[in-house]
Amino acid sequence: MRGPTLTTNLPSLGLALLAFTASAQINDGAKFSPLDQINTSNVAQLRPAWTFRTGDLYMGSKGGFRGRASAFETTPLYADGKLFITTAFCRVIALDPLTGKQLWAFDPKIDIKGGYGDFANRGVATWVQNGKRRLFIATVDARLIALDAATGLVIRSFGNKGTIDLTKGLRIPVRPDNRSEYEETSPPAVIGDLVVVGSGIADNGRTDMPSGEVRAWDVRTGKLAWTFDPLPGTRTGGANAWSLITPDPPSNLVFVPTGSPSPDYFGGERKGDNRYANSVVALNARTGKVAWFFQTVHHDLWDYDVASQPALITAKGKPAVAVTSKTGNIFILDRLTGQPVFGGEERPVPKSDVPGEEAGRTQPFATLPVRRGPDRIEPWGADDADRKWCADTISRLRYDGVFTPPSLTGSLIFPGNVGGMAWGGVAFDPRSGTLFVPDNRLAAVVRLVPRAEMNQAIAERKDWETGDQSGTPFGMQRTFLLSPKGGPCTPPPWGVIAAIDTNTGAVKWESPMGNIPFAGGKPEHGSIALGGPIATAGGLIFMGATLDPWLKALDSATGKLLWQGELPTSARATPMTFRGPDGRQFVVIAAGGHDVPGGKLNDSLVAFALPKAPK
């Protein structure tokens, strides 16, 4: 069944919006802070307050996949007068929030040469009772560990001496010789007395990659409470929830964003819509049973995961959940039923011409906010030679509009596999009813390769990403559509942030965000973003995420750039803000760099504040 389906009766909601508070972050996906000490009138005075170097930086090697570099992508957690961060090596560190001085550190001792698909960790979750706080980290090598927040010591009464091995108990198991195909990068979600964890599963390896169950454990004991399998009764892996899961205690729901089934680009061995894949699934938090679900892509052939965390917002004055995905669609859904607040429709989309493939005949589109991919891709280039190369390349590719399926001769995919909307998610200001949405606009090329031609294809296109897709007749190759000079072949802007009125569905404003240094570095061209924004009661949007080395502050009413603070490198992370023990408001971001041409990797956590706290 396609789209939302209500299967349980849920209580009515009378709820206030959750927020980034002064004492701790609430994991609601809306990323709003009520702090206003830093505001539109004084943000230009922000200065660096301190910088902390984690020391956890692995540059990789030229030896191939198992030499993949690490990425510093944490969003810190502020609680009990401490700032808690995670490093790329999954160490958990407590910092003095005023000075950045280390207070304690926990090291899970991962194998830094483990060959992880995403060598990163994006933060911890927390649970507190009777003044005693626990931290939970899901490590990149797939362990769930409970720590005492006061000391950093492992809580040995949880799980097996403080740890749960997340590779155990799956419908399709992890192969013992390739544990890195199953990992964790996002923080768990805590709701009531349960800690809920999804998984990251490598793309395009084979049809029977590990299965993508979401599981909940008792926060005290580590006892398994429930399991949700997005593809039950099949031999298909994936459809996992690798992004952040959103808990909503008032409705007793957790909102799970799922990705594509395995493999991404050929679905001949997984016919049908692949129910619960590429969806937001609302689960009863106590039982793990499906309350409703909304599928954003039927029978995914594009790696169009729901990569963004579902955000708890209000729309037309009612509780809603904002769901953005790599397709670029923004679905604003009733929080209790999953019905689109502004309507939606199924539209016919192009058919596949690949033998054995049955692409979905229609795909869901939001009526509002309006989002339509271009019917024709206009070639772009920095000069005439670049533009001609791009035009010639585009002319040889199949492109029939959004949802053009992969082909044997090569298809142009727009948006590409980083979206649309990537894992940084959105921000929401409840005072104005405005949703702030980063939108990547970069095209990719995907080519399916008959099994017998794989070696030749790899030799001919050495710089393309290649996936074997074992268990199907075809391997895959993909790359971003860039000119010989390194710039995108599609017209700018290549990344924007848009403000959406959640009472009307209208776009209030849209601004290019950042710049791409290796493509001319022009601010009006924007940049793709990996990482998200936060909104504050000071009338500001803070965001790094783009490929340039700046933390930026925008006027949330207009999108105008008001300030930017220089970082050691670009920030592939989402910032956060808190009020410190001295009364000052800080804005903090991890500056780890992007793995792009000319990019510099780093391990710096940078805090900004006003020179003096306003009276």
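From a predicted model like this one, the values you see are computed outputs, not experimental measurements.

Rules used in this analysis
Residues numbered from 1 in each chain as written. Predicted model: local features only at pLDDT ≥ 70, side-chain atom pairs only at ≥ 80, totals over all residues. Heavy atoms only, no water. Helix = DSSP H or I, 4+ residues; strand = E, 2+ residues; numbered from the N terminus. Rg over C-alpha atoms; globule rule 2.2 N^0.38 Å. Buried < 20%, exposed > 50% of the residue type's maximum accessible area, 1.4 Å probe, protein only. Contact = heavy atoms within 4.5 Å. Disulfide = S-S within 2.5 Å. Pairing = 2+ DSSP bridges. Axes fitted to C-alpha atoms, helices over the stretch in contact; angles between N-to-C directions. Polar contact = N/O pair within 3.5 Å; in protein donor to acceptor, adjacent residues only side chain to side chain. Salt bridge = Lys/Arg side-chain N within 4 Å of Asp/Glu carboxyl O. Core = buried A, V, L, I, M, F, W, Y, C linked by side-chain atoms within 4.5 Å. Expected span 1.5 Å × (residues − 1). Arc of directions from axis to C-beta. pLDDT = per-residue confidence, 0-100.

(A) Region of the structure containing the overall build of the protein. What the protein contains, in helices and strands, is two helices and 42 strands. Rg of the C-alpha trace for the protein: 23 Å, near the compact-globule value of 25 Å for 615 residues, within the 12% margin. Counting only C-alpha atoms, the protein reaches 65 × 55 × 50 Å along its principal axes. Going through the 615 residues of the protein one by one, you find that 63% of them count as buried. Look at the contacts in the protein between residues 6 or more apart in sequence, and 62% of them connect residues 24 or more apart.

(B) Broad picture of the state of the cysteines. Applying the stated criterion to the full structure yields one disulfide. The disulfide partner of C390 is C489, and the gap between their sulfur atoms is 2.0 Å. Torsion about the S-S bond of the C390 and C489 cystine: about -70 degrees, corresponding to left-handed handedness. With a gap of 99 residues between them, C390 in helix α1 (residues 384-395) and C489 in the loop between β33 (474-480) and β34 (495-501) connect regions that are remote in the sequence. In terms of burial, C390 and C489 fall into one category: buried.

(C) Structural detail: the sheet that holds strand β11 (residues 143-148). Pairing within the open sheet is antiparallel, and its four strands lie in the order β9-β10-β11-β12. Every other strand in the sheet has two partners, leaving β9 (125-129) and β12 (163-165) as the edge strands with one partner each. Geometrically, the sheet is characterised by an average inter-axis angle of 15 degrees between neighbouring strands, direction not taken into account. As paired elements, β9 and strand β10 (residues 132-138) share five bridges and run antiparallel to each other. For T126, the partnering residue across the bridge sits in β10 and is L135.

(D) The environment of A573, seen in detail. Along the chain, A573 turns up in the loop between β39 (561-566) and β40 (576-579). What makes A573 buried here is its relative accessible area of 0%. In this structure A573 touches F72, E73, T74, W423, L530, G531, G532, A545, I589 and A590, once residues within four positions along its chain are discounted.

(E) Seen up close, the side chain of R572. Among the structural elements, R572 can be located in the loop between β39 and β40. Judged by relative accessible area, which is 13%, R572 ranks as buried. Among the polar contacts made by the side chain of R572, one reaches the main-chain carbonyl oxygen of G593 at a distance of 3.1 Å. Ignoring sequence-local partners within four residues, the contact set of R572 consists of A71, F72, E73, W423, L530, A590, G593, H594, D595 and L601.

(F) Structural detail: unusual backbone geometry. S262 connects to P263 through a cis peptide bond whose omega is -15 degrees. Turning to its location among the elements, P263 is positioned in the loop between β20 (253-257) and β21 (279-284). The omega torsion across P492 and P493 is 5 degrees, close enough to zero to call that bond cis. With respect to the helices and strands, the residue P493 is situated in the loop between β33 and β34. Even without a glycine there, the phi angle at K31 is positive, about 50 degrees. Residue placement: K31 occurs in the segment before β1 (32-33). Relative accessible area serves as the criterion here: at 8%, K31 is assigned to the buried category. At D80, a position not held by glycine, the phi torsion is positive, near 55 degrees.

(G) A look at the pattern of salt bridges. Within this structure, the stated rule accounts for 32 salt bridges. The partner of D56 in a salt bridge is R91, with the nearest N and O atoms 2.8 Å apart. Of this pair, D56 sits in the loop between β2 (47-53) and β3 (71-72) while R91 sits in the loop between β5 (82-86) and β6 (92-95), placing them 35 residues apart in sequence. Of the residues examined, D56 reaches a relative accessible area of 8% and is grouped as buried. Classification of R91 by relative accessible area gives buried; the value is 15%.

(H) Inspection of the nonpolar core at higher detail. F84, V92, W104, I110, V124 and L135 are the most contacted members of the largest nonpolar core, which totals 21 residues. Those elements that place two or more of their residues in this core are β4 (77-79), β6, β7 (102-106), β10 and β11. If we ignore the near neighbours within four places in the chain, the residues touching W104 are F84, V92, I93, A94, L135, D148, A149, A150, T151 and G152. Residues A142, V174, V195 and M209 belong to the second largest nonpolar core, which totals 20 residues.

(I) Representation of the sheet that holds β1 in the model. Read from one edge of the open sheet, five strands run β1-β36-β37-β38-β39, paired in mixed fashion. Because the sheet does not close on itself, it has two edges, and the strands there are β1 and β39. Of the strand pairs in this sheet, strand β36 (residues 533-536) and strand β37 (residues 540-543) are connected by four bridges, and their pairing is antiparallel. By the bridge assignment for β37, I534 is matched with F542.

(J) α1, seen in detail. With 12 residues, α1 extends 16 Å from end C-alpha to end C-alpha; this agrees with the ideal 16 Å at 1.5 Å per step. Residues of α1 that are buried include every one of D386, C390, T393 and I394, and no others. Across the axial projection of α1, the buried residues extend over an arc of 95 degrees, all falling on one side. Among the exposed residues of α1, those pointing more than 90 degrees away from its buried face are D384, A385, K388 and S395. Where the residues of α1 are buried, they touch β28 (411-413). One side-chain oxygen of the residue at the start of α1 lies 3.3 Å from the amide nitrogen of A385, identifying that residue as D383.

(K) Region of interest: the pairing of β5. When you tally the buried positions in β5, you get five out of five residues, the bulk of the element. Because side chains alternate across β5, one face comprises the buried residues K82, F84 and T86, and the other comprises L83 and I85, equally buried. Alignment of β4 against β5, held across three bridges, turns out to be antiparallel. Considered in β5, the bridge of Y78 is made with L83. Count of turn residues in the β4/β5 antiparallel hairpin: two residues, of which D80 carries a positive phi of about 55 degrees. Counted along the chain from β5 to the antiparallel partner β6, the turn is five residues long, and its residue C90 has a positive phi close to 70 degrees.

(L) Structural view of the confidence of the model for the protein. Summary statistics for the protein give a mean pLDDT of 93 and a share of 94% for residues scoring 70 or more. Confidence drops under pLDDT 50 across residues 1-25; counting only partners more than four residues distant or on other chains, this segment forms 79 contacts.

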